[in-house]
Amino acid sequence: MKMDKEVKLETALFAKKEKDRPSFSYIPGFIGDVDEGAEISTKSDEFPEVVKKQYDKG
């Protein structure tokens, strides 16, 4: 992924139950074009949060 812009991502994604959520509401994240062949696993609003892509043969 090419990191073009910094944004705030909601931390509610990390825990479904209110009591398990962190005390802060947002974490910094970066957005940009996702490489061809990469799989977006998780999104926060319209932004990909977790992207995985195979490199070489590993």
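So, the pattern of salt bridges
A side chain with one charge may pair with a side chain of the opposite charge, provided their charged atoms come close.
Here comes step 1: Scanning the model with the defined rule gives one salt bridge in all.
Here comes step 2: A salt bridge links Lys-19 to Asp-20; the shortest N-O distance between them is 3.7 Å.

Some details on the environment of Ser-44
Here comes step 1: Inspection of the secondary structure assignment puts Ser-44 in strand β3 (residues 39-44).
Here comes step 2: In this structure Ser-44 comes out as buried when scored by relative accessible area, which is 6%.
Here comes step 3: Residues Ser-44 and Lys-8, 36 residues apart in the sequence, show an inter-C-alpha distance of 9.6 Å.

Here's the deal with the side chain of Thr-11
Here comes step 1: Along the chain, the position of Thr-11 falls in the loop between β1 (5-10) and β2 (26-31).
Here comes step 2: Assessed through its relative accessible area of 3%, Thr-11 is described here as buried.
Here comes step 3: Among the polar contacts made by the side chain of Thr-11, one reaches the main-chain carbonyl oxygen of Phe-24 at a distance of 2.8 Å.
Here comes step 4: Setting aside residues no more than four positions away along its own chain, Thr-11 makes contact with Pro-22, Phe-24, Ser-25, Tyr-26 and Ile-27.

Rules and cut-offs
- Residues numbered from 1 in each chain as written.
- Predicted model: local features only at pLDDT ≥ 70, side-chain atom pairs only at ≥ 80, totals over all residues.
- Heavy atoms only, no water.
- Salt bridge = Lys/Arg side-chain N within 4 Å of Asp/Glu carboxyl O.
- Helix = DSSP H or I, 4+ residues; strand = E, 2+ residues; numbered from the N terminus.
- Buried < 20%, exposed > 50% of the residue type's maximum accessible area, 1.4 Å probe, protein only.
- Polar contact = N/O pair within 3.5 Å; in protein donor to acceptor, adjacent residues only side chain to side chain.
- Contact = heavy atoms within 4.5 Å.

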